[in-house]
Amino acid sequence: MTRALITGITGQDGSYLAELLLSKGYEVYGMIRRASTFTTSRLDHIYRDPHDPDVRLRLVYGDLSDSSSLNQIIKTVRPDEVYNLGAQSHVRTSFDIPEYTVDVTGLGTVRLLEAIREAGVKTKFYQASSSELFGLARETPQTETTPFNPRSPYACAKALAFYATANYRDAYDLFACNGILFNHESPRRGETFVTRKITRAVADILAGRQRKLYLGNLDARRDWGYAGDYVVGMWLMLQQPRPDDYVLATGESHSVREFLDEAFSSRGLAWRDYVEIDQKYFRPTEVDELVGDASKARRQFGWSPNVTFKELVRMMVDFDIEGVRKGQ
């Protein structure tokens, strides 16, 4: 049975990836930080009693800022595949806590790679890279050869993680891949991210629980796909005969304003009646547009997105409306 370790398993991507790997017969270990409250709600539908002899999903305590915990996990679990999805992943927040962001998102990747090297475990490694690496992009669309131009502490940390992964691949013959994923959303997206903030607002406005929605730059354009599609691409990267780096994207760009229009109009609302601009949501250095070209992934292993932009937005709105109806 193939054994996988997922850091960041309690997040959006981690939960979808855990589902995918379990459906393929994997034994899955998820690394979580020890905290006073559990944050495993995205896993509740698949998590079973860890004392059950047939359980194939186990949670282990560890932290990307703590080398000793990573070393212990790698030596104990001895995974066949490692998916490093853990990070301080909010771009705007990274301006407020840059040192922490670089420590966890950047140096955390180095610590994990070093733990694998020191343990001598034969494993395949996936690093969650980001389209934010391209920043103020020097060409459109962006591909695997587009120069990086990071515009936030988060993107700078991801650049460190990207190059560390490539270096360990070259220096130590580690099967290591960078997945340069463009924005991908779902009903499991955190509510502080702009897409989920919008769809949750639609639900709350319809229920009379919210009157205004405060946002930043409505002109920012992103390449938005569905997270469930993207975790398939992560897995496919590690099934190839040789490690490499790949862009995953839809090839379409849409503005925050377009996302607003699609979300609100799907329920007969005019977003301009509810949205106000708040300067605190603007980044010190903005990224105007990101749009990716996933031709390499399509050519190498047949990956392509299945969920369209409109389907994604409506899926998220429907989920949040149902959640409000249930009192969540």
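Residues numbered from 1 in each chain as written. Predicted model: local features only at pLDDT ≥ 70, side-chain atom pairs only at ≥ 80, totals over all residues. Heavy atoms only, no water.

Novice: What should I look at first to understand the overall build of the protein in this one?
Specialist: On a plain count of helices and strands, the protein comes out with 10 helices and 13 strands. The C-alpha radius of gyration computed for the protein amounts to 20 Å, which stays within 12% of the reference 20 Å derived for 328 residues, consistent with globular compactness. With the C-alpha coordinates of the protein rotated into their principal frame, the extents come out at 60 × 50 × 40 Å. Taken across its 328 residues, the protein has 55% of its residues classed as buried. Split by element, the accessible area of the protein, about 14,600 Å² in all, is 47% carbon and sulfur. Of the charged side chains in the protein, 42 are positive and 44 negative, and the gap between their average positions amounts to 2 Å. (Helix = DSSP H or I, 4+ residues; strand = E, 2+ residues; numbered from the N terminus. Rg over C-alpha atoms; globule rule 2.2 N^0.38 Å. Buried < 20%, exposed > 50% of the residue type's maximum accessible area, 1.4 Å probe, protein only. Areas by Shrake-Rupley, 256 points an atom, 1.4 Å probe, with all protein chains shown as cover. Lys, Arg positive; Asp, Glu negative; His and termini not counted. Charge placed at Lys NZ, Arg CZ, Asp CG, Glu CD.)

Novice: Would you explain the sheet that holds strand β2 (residues 27-32) in this entry?
Specialist: Within a sheet, neighbouring strands are paired by backbone hydrogen bonds and run either parallel or antiparallel to one another. The parallel open sheet is built from seven strands, whose spatial order is β3-β2-β1-β4-β5-β6-β11. Of all strands in the sheet, those bounded by a partner on one side alone are β3 (57-61) and β11 (246-248). Averaged over all adjacent pairs, the angle separating strand axes in this sheet is 20°, with direction ignored. Seen against the sheet, helix α2 (residues 67-77) touches β1 (3-7), β2, β3 and β4 (81-84) and runs at an angle of roughly 160° to β1. Helix α7 (residues 227-237) contacts β4, β5 (124-130), β6 (175-181) and β11 of the sheet and is inclined by roughly 155° relative to β6. (Pairing = 2+ DSSP bridges. Axes fitted to C-alpha atoms, helices over the stretch in contact; angles between N-to-C directions. Contact = heavy atoms within 4.5 Å.)

Novice: What's the story with the packing of aromatic side chains in this structure? I'm lost.
Specialist: Each aromatic ring pair is described using two quantities: the centre-to-centre distance and the angle formed by the ring planes. Tallied over the full model, the rule gives 14 aromatic pairs. Judged by centre distance (5.1 Å) and plane angle (55°), the ring pair of Y168 and Y172 falls under tilted. In this pair, Y168 and Y172 both sit in helix α5 (residues 153-172), four residues apart, roughly one turn of the helix. Among the residues examined, Y168 registers a relative accessible area of 10% and is labelled buried. (Phe/Tyr/Trp six-rings, centres within 6.5 Å; stacked < 30°, edge-to-face > 60°.)

Novice: Please explain the environment of V82 as it appears in this structure.
Specialist: Following the sequence through the fold, V82 ends up in strand β4. Exposure remark for V82: the relative accessible area of 0% places this residue in the buried category. As a C-alpha pair, V82 and L112 span 30 residues in sequence and 9.4 Å in three-dimensional space. Ignoring any residue separated from it by four or fewer positions in sequence, one finds V82 in contact with L5, I74, L112, I116, T123, K124, F125, Y126 and L238.

Novice: Can you help me understand the environment of E262 in this one?
Specialist: Take E262: it is sitting in helix α8 (residues 256-265). A sequence separation of 48 residues divides E262 from K310, and the C-alpha atoms of the two residues are 7.0 Å apart. When neighbours within four sequence positions are excluded, E262 is seen to be in contact with F309, K310, V313 and R314.

Novice: What should I look at first to understand the nonpolar core in this one?
Specialist: Of all hydrophobic cores here, the largest spans 59 residues; its most connected members are Y83 and F264. Among the elements that take part in this core, α7 stands out by supplying seven residues, more than any other. Y29, I74, V77 and L113 belong to the second-largest nonpolar core, a separate cluster that totals 22 residues. (Core = buried A, V, L, I, M, F, W, Y, C linked by side-chain atoms within 4.5 Å.)

Novice: Any chance you could explain helix α6 (residues 194-206) here in plain terms?
Specialist: Helical periodicity: at 3.6 residues per turn, an α-helix aligns residues three or four positions apart in one direction. Helix length check: α6, at 13 residues, gives a terminal C-alpha distance of 18 Å against a target of 18 Å (1.5 Å per residue), a fit within 8%. Of all 13 residues in α6, 10 are buried, a share of seventy percent or more. Those residues of α6 that sit buried are T195, R196, I198, T199, R200, A201, V202, A203, D204 and I205. Buried residues along α6 sit against β7 (184-185), β8 (213-215), α8 and α10 (309-325). (Expected span 1.5 Å × (residues − 1).)

Novice: Help me out: how do you make sense of the side chain of R222 in this one?
Specialist: Along the chain, the position of R222 falls in strand β9 (residues 221-222). With a relative accessible area of 5%, R222 lands in the buried category. Among the polar contacts made by the side chain of R222, one reaches the main-chain carbonyl oxygen of V287 at a distance of 3.0 Å. Once you skip the residues sitting within four places of it in the chain, R222 turns out to touch E132, N183, E252, S253, H254, R283, V287, D288, E289 and L290. (Polar contact = N/O pair within 3.5 Å; in protein donor to acceptor, adjacent residues only side chain to side chain.)

Novice: Which parts of the structure should I look at to understand a nonpolar patch on the surface?
Specialist: Taken together, the side chains of V102, L107 and L160 make up a nonpolar region of the molecular surface, amounting to roughly 200 Å² of accessible area. Looking at where V102 falls in the secondary structure, it is placed in helix α4 (residues 98-119). (Patch = residues over 30% accessible without salt bridge, like charges linked within 9 Å, V, L, I, M, F, W, Y side chains within 5 Å. Salt bridge = Lys/Arg side-chain N within 4 Å of Asp/Glu carboxyl O.)

Novice: Could you clarify how one ought to interpret the pairing of β2 in this entry?
Specialist: Remark: a regular strand shows side chains that alternate across the two faces of the sheet. Summarising burial for β2: six of the six residues are buried, a large majority. Residues E27, Y29 and M31 point to one face of β2 and V28, G30 and I32 to the other, with burial holding for every one of them. The pairing of β1 with β2 spans five bridges and is parallel. Counterpart to A4 in the pairing with β2 is V28. With helix α1 (residues 12-23) bridging β1 and its parallel neighbour β2, the resulting β-α-β unit is right-handed. (Right-handed = clockwise from strand over helix to strand, strands pointing away.)

Novice: Any chance you could explain the packing of α6 against α8 here in plain terms?
Specialist: Packing of α6 against α8 leaves a shortest axis separation of 10 Å and a crossing angle of 30°. Relative to α8, the element α6 lies roughly parallel. Between α6 and α8 lies a crossing of right-handed hand. Packed against α6, whose contacting residues are V194, T195, I198, T199, V202 and I205, the element α8 presents V256, F259, L260, A263 and F264 at the interface. Split into classes, the residues belonging to the contact of α6 with α8 amount to nine nonpolar, two polar and no charged. (Parallel < 35°, antiparallel > 145°, perpendicular 65-115°, else oblique. Left-handed = near helix turned anticlockwise from the far one by under 90°. Nonpolar A, V, L, I, M, F, W, Y, C, P; charged D, E, K, R; others polar.)

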